[in-house]
Amino acid sequence: MKRKDIFLGNGAIALGLLEAGCQMVTSYPGTPSSEILPEVVRLVKSEGLDTYVEWSTNEKVALDAAFAASITGKRAACCMKQVGLNVASDSLMSAAYMGTIGGLVIISCDDPGPHSSQTEQDSRLMARIAKVPVLDPSNPQEAREMVQLAMDISEEFRTPVILRPAIRVCHARQSISWGSLKNSNRKASFEKDPTRWAATPGFRFKLHGELNQKLKEIRKKFEGLTLYNFHNLKPGKRYPLGIIAGGVPYSVVHDILSEEGREDDIPVLKIGTTYPLPEDLSDEFMSACEKVLVIEETDTVIEYLLRDKNKVLGRLSDHVPSQGELLPEVIYNLINRALDECQSSPLKGGIGPEALELVKNLELPVKRPTLCPGCAHRAAFFAIRKAKPKAIYTSDIGCYTLGLNMGAVDTVLDMGAAITMACGFYHSFAQDNVIQSVVSTIGDSTFYHAGSAGLMSAVYNDARFILIILDNQITAMTGMQPTPALGIRADGSTGKAIPLERIVAGCGVDFIEVVDPYDIKSLIGLIKKADKWVQDPNGGIAVIIARHPCLIAYRDEAIPQRKNVIITEDCVECNYCIDRFECPALYKDEELGRTVVDQGMCSGCGVCLEVCPKGAIIEA
Amino acid sequence: MENVNIVLCGLGGQGILFMTKVLAQAALKKDLKVLGAETHGMAQRGGSVISHLKLGSVEGSLVRAGTAHYLLSLDENEAYRNISLLAKGGRLYADAKEKSFPRPEVKQYLDSLEIVARSVPAGKIAMEMGSPMSSNLAMLGFFSAFNEGPLNHKEIRDTIDQISPDRFKENNLKAFDAGFAGKTDKRG
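Computed from a prediction, not measured in an experiment: that's the story for all the values here. (Residues numbered from 1 in each chain as written. Chains lettered and ligands numbered in written order. Predicted model: local features only at pLDDT ≥ 70, side-chain atom pairs only at ≥ 80, totals over all residues.)

So, the domain arrangement of chain A
Then, in step 1: Domain boundaries in chain A define domain 1 (3-223), domain 2 (229-358), domain 3 (376-558) and domain 4 (565-619).
Then, in step 2: One C-alpha centre belongs to domain 2 of chain A, the other to domain 3 of chain A, and the line joining them spans 48 Å. (Domains from an automatic or database assignment.)

Next up, the structure:
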C-alpha cells in the first residue's frame, strides 16, 4: 500500500537504505548527518524490520563494522558528516582496494556554508582520493533513489560507493510516496581469502590494478545512466552558454531557468555521478556550447575532471566563489554574469542590491549561538576562568565550543584535540623551562570518540595539564544521541555501560575527581587541588569529571528545584555577569539602567547566584 | 496552483522547526507537493534560524531572494535580516510592537514593493499564557487569521491538533487560538 509522508532528507536516505535491503547501518552523529540513523530506527520499528543499527564510538569504527558486514555478503551502510570521513579515511582507502561483497554505501554529508562544521570540505574529493564512485543527489527524493543505485553499483563492481548529500538535501523536507518495507533474507557467510582480506603489499599492488579497472567499467556504466546524468541539448543546435551542474546547485539552476522560461536557450548537463565522471557525455555537451559554466558544491571536482577546460567558466576562472554556500541568489547572479560575458540576454526576475543595502544599514545585532540558560557547561567555564585565569584553554567539538563566548576556549582543532593539543602545548613550553598551565575541556561523547588515545599518549609522555570532562550524559549538539556511558543503544535497547571513570583510570591517570559543576565553589576548589597535582614532581595529569545532565535531554533531572532569581538595586552595571557568565537570561534593561533577569528565559538553575561580585543577584 | 514560497525565521530555541512541520504537514494533507529546508546544529543554540517551505513543483529546497510570498518571523530583527527574501506583493508577519513596526526605512522599502507588514506580540501573548515557548504557535494562529496562504485556519489548527505531542497539545492549541485572536490588520 502506497502512502505519502513528509520526510526529512535524512529520513528519505534512511528509507532508501531499507528499501535497498540494507541489513546493517552504523554511524557517529554529526550535523548534517545525525538524523539518518534515528530515522532508520524509526522505520525499522514501525515496519518490523531486523536491520542492525549502532552508534559507533567514531566514524572509523562505524566504517570498519559496516565493511565487515559487507564482506559477509550483506548490504551495509555507514553515515557521517564530512569531517567524520576524515576520521574514517584510513578505513576507506583500504576498503577501496579490498572491495566488497554485499553492497557497502558510505553516506558522507557535506556542509557548504559552513553552518555547523569546522570546514567546507567536499566529500567528492575524498572519493576521488580513495578511488571510489560518488553520487551527488539534488534533493531528498533523488537521495533516496541514489541509495538504491549506490548499493547496486557497489555490488556489481565490488567497490564501496559514497553518497554525498549536502546539508540542503539532509535538512530538506519533502513529500514522498512510499510503500511497505521488507526484511532482506541474506545470511552472513565469510569465505577466507587472505590475499584480499588481509592483503600484504604485493597483493595490494594487484588489488590497486583491479580497482583501476573497475573505475573504467563504472565510468562506462555512468555514461549511460540517463536518470541521473542527462542534458537537454537539441540536436544540431549550438549554444553560446551551457551549464554543467550537480547536487544541490543543479536543483537551484533547474528552478531558476524554469521560472525564467530559459530552458530552451540555456542547456543544462546534470551530473549525478561526479566520479568517475561520464566524460563522453560531458564532451558531447561541451561540443555544442561556446562556453560552459560549471556550478558545483563545494570544491572543484567536475571542473577538474572535464577533459577540455578551454571553454570552462568556473572556480578556476573565478566565475564561481570558492568558499561559502551557493545560495540561489548567488547562483542567479553568477549565471547572469556568464550570460553577460557570452553576450546573451540576462535573466529578468532578480532583485536589486537595495534590500541588502537596507539590511546592512540597519546594523542589526548579530545573534551568536550561546550555551542554553541553565547549561552546566557555563558553570564549569565560569569556574575554570576563576580558578586558572592565566591558563591556555584547549577545547573541543560540541556545544561547549561555545565556551569561547566566555573567554574559556582558546583552541578548537578537531575531535579529541583538547587533550592532544594540551599535551603539545605543555611540552612546547616545558622545553623552554616554562611552566604554562593548560586547562583542557572535552565533552563526554567527544571523549569516547577520540579522547582516550590522546589521553593515553599524554600520560605515557608525562604531559602535565588539567583535563575537565564536561559530562552532560548525552551527545547534545547533534540532537541528543546516547553515549557509551549510558548503556542505551541506538534502538533504545540496553547495552553495557562504560563509565568515564574506568576509561580515564585505564589510561593511567591517577587523579580523578567527579563534581557537579553547578556547585561552582567545589569545582574551583577541585581545580586548585588538581593544579597542585599537575605541578607536583610525582604528580601527573589531573582529570575532573564535571557531571550534570543536559537541560534539553533531561529537563527534570537537570533542575530538580527551580530557583527564582532576581537582581536587586545593588547592581552597579559592571557587566561582569553578562561578559563572564554570558547567560541569555541576563540582559541589560535600558530603561531601568541595570541588568535584569528575563524570567521567560531563565531556567531557574540558580548558578548565577554565585556570580555577582556585588551580591546583587539573589533568590527572591 | 502557482508555487507558493514561505519563509519562517527567528532565533534558535523558538520552535521554528515545529512551525515548519505544521505547515508542511497541513500542505501534505491537501495533497500539495512540499519541499523545504531547515536549520539544525550549532545555530539552534540561540543563533539565527531560518526555514524555507516551497509548495508546488520545484526541485530546490531554498527560497531565492525576492521570491518569498510569506515571511513569518518570531523576532523583529530576524524579520529585517531576511527582508530581501520577500517578493513584490508579499506578506510579512512579525513578532514586534505594533507602534514601532516596521522601522521607517524598512517601511519605505516594503511600500515600494507593495509588501504588507503585520505585527503581533506573539512572545507576549505566549508569556501571558504562562508558556513562553509557545510564541511559534501564537504566530501561526495570527498568520491563519488572515486566510491568505494556501492553507486556511482550520487546516492549520487541525494539523496542530494532530501532530502535537499529547503533553503539549492543549497548550499549543490555546496559544494558536490566542494568536488568532490577536489579528490586527495594520492596513485595515
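Let's pick the thread back up.
Examining the pairing of strand β2 (residues 24-27) of chain A
All names here are of chain A.
Then, in step 1: The alternating pattern of β2 places Met24 and Thr26 on one face and Val25 and Ser27 on the opposite face, and all of these are buried.
Then, in step 2: Of the strand pairs in this sheet, β2 and strand β3 (residues 52-55) are connected by 4 bridges, and their pairing is parallel. Within the sheet, the bridge partner assigned to Val25 lies in β3 and is Val53.
Then, in step 3: Note on the crossover from β2 through helix α2 (residues 36-47) to β3: the handedness is right-handed.
Then, in step 4: Two strands pair when backbone bridges link them, and β2 and strand β4 (residues 76-81) are joined in this way by 4 bridges, in the parallel orientation. Counted as the bridge partner of Thr26 is Cys78 from β4. (Buried ≥ 20, exposed ≤ 12 C-beta atoms within 10 Å, placed from the backbone. Helix = DSSP H or I, 4+ residues; strand = E, 2+ residues; numbered from the N terminus. Pairing = 2+ DSSP bridges. Right-handed = clockwise from strand over helix to strand, strands pointing away.)

Quick notes on the pairing of strand β3 (residues 48-55) of chain B
Residue and element names in this part refer to chain B.
Then, in step 1: The buried count for β3 comes to 8 of 8 residues, which makes it a mostly enclosed element.
Then, in step 2: By the alternation rule, side chains of β3 split into Ser48, Ile50, His52 and Lys54 and Val49, Ser51, Leu53 and Leu55, which are all buried.
Then, in step 3: In terms of strand pairing, strand β1 (residues 4-11) meets β3 through 8 bridges, oriented antiparallel. Bridge assignment links Asn5 to a residue of β3, and that residue is Lys54.

Structural notes on helix α3 (residues 59-71) of chain A
In an α-helix, one turn spans 3.6 residues, which is why side chains three or four residues apart end up on the same side.
Residues and elements named next belong to chain A.
Then, in step 1: In this model, α3 (13 residues) spans 18 Å end to end at C-alpha, consistent with the 18 Å of a helix rising 1.5 Å per residue.
Then, in step 2: Every buried residue of α3 is listed here: Glu59, Lys60, Ala62, Leu63, Ala66, Phe67, Ala69, Ser70 and Ile71.
Then, in step 3: Looking at the packing, one finds that the buried side of α3 touches β2, β4, α4 (82-98), β5 (104-109) and α8 (194-197).
Then, in step 4: Remark: Gly73 follows α3 within two positions and exhibits a positive phi of approximately 95°. (Expected span 1.5 Å × (residues − 1). Contact = placed C-beta atoms within 7 Å.)

Re the environment of Arg368 of chain A
Then, in step 1: In this structure, Arg368 of chain A sits in the loop between α14 (354-362) and α15 (376-387).
Then, in step 2: Once the C-alpha coordinates of Arg368 of chain A and Met286 of chain A are considered, the two residues, 82 residues apart in sequence, prove to be 45 Å apart.

A short note on the packing of helix α10 (residues 247-260) of chain A against helix α13 (residues 328-341) of chain A
When two helices pack together, you describe them by how their axes are tilted relative to each other and by the distance separating the axes.
Residue and element names in this part refer to chain A.
Then, in step 1: Running from N to C, α10 and α13 cross one another at 65°; their axes reach a closest spacing of 10 Å. In terms of orientation, α10 and α13 fall into the roughly perpendicular class. For the element pair α10 and α13, the recorded crossing hand is right-handed. Only Pro328, Ile331, Tyr332 and Ile335 of α13 make contact with α10, whose side of the interface consists of Pro249, Val252, Val253 and Ile256. (Axes fitted to C-alpha atoms, helices over the stretch in contact; angles between N-to-C directions. Parallel < 35°, antiparallel > 145°, perpendicular 65-115°, else oblique. Left-handed = near helix turned anticlockwise from the far one by under 90°.)

Here's the deal with the interface of chain B and chain A
Then, in step 1: With 37 residues of chain B at the interface, the matching set in chain A holds 44 residues.
Then, in step 2: Split by residue class, the side of chain B that touches chain A holds 17 nonpolar, 13 polar and 7 charged.
Then, in step 3: Sheet analysis places strand β8 (residues 172-178) of chain A next to strand β2 (residues 34-37) of chain B, joined by 3 bridges and oriented antiparallel. Residue pairing for β2 of chain B: Gln174 of chain A is matched across the bridge by Leu35 of chain B. (Nonpolar A, V, L, I, M, F, W, Y, C, P; charged D, E, K, R; others polar.)

Some points on helix α17 (residues 444-460) of chain A
Residue and element names in this part refer to chain A.
Then, in step 1: Most pronounced at Gly451, the bend in α17 amounts to some 65°.
Then, in step 2: Buried within α17 we find Asp444, Ser445, Thr446, Phe447, Tyr448, His449, Ala450, Gly451, Gly454, Leu455 and Ala458.
Then, in step 3: Packed against the buried residues of α17 are α16 (417-430), β16 (438-443), β17 (466-471) and α18 (500-506).
Then, in step 4: Asp462 sits one or two positions beyond α17 and adopts a positive phi of about 55°. (Bend = angle between axes of the 7 residues up to and from the residue.)

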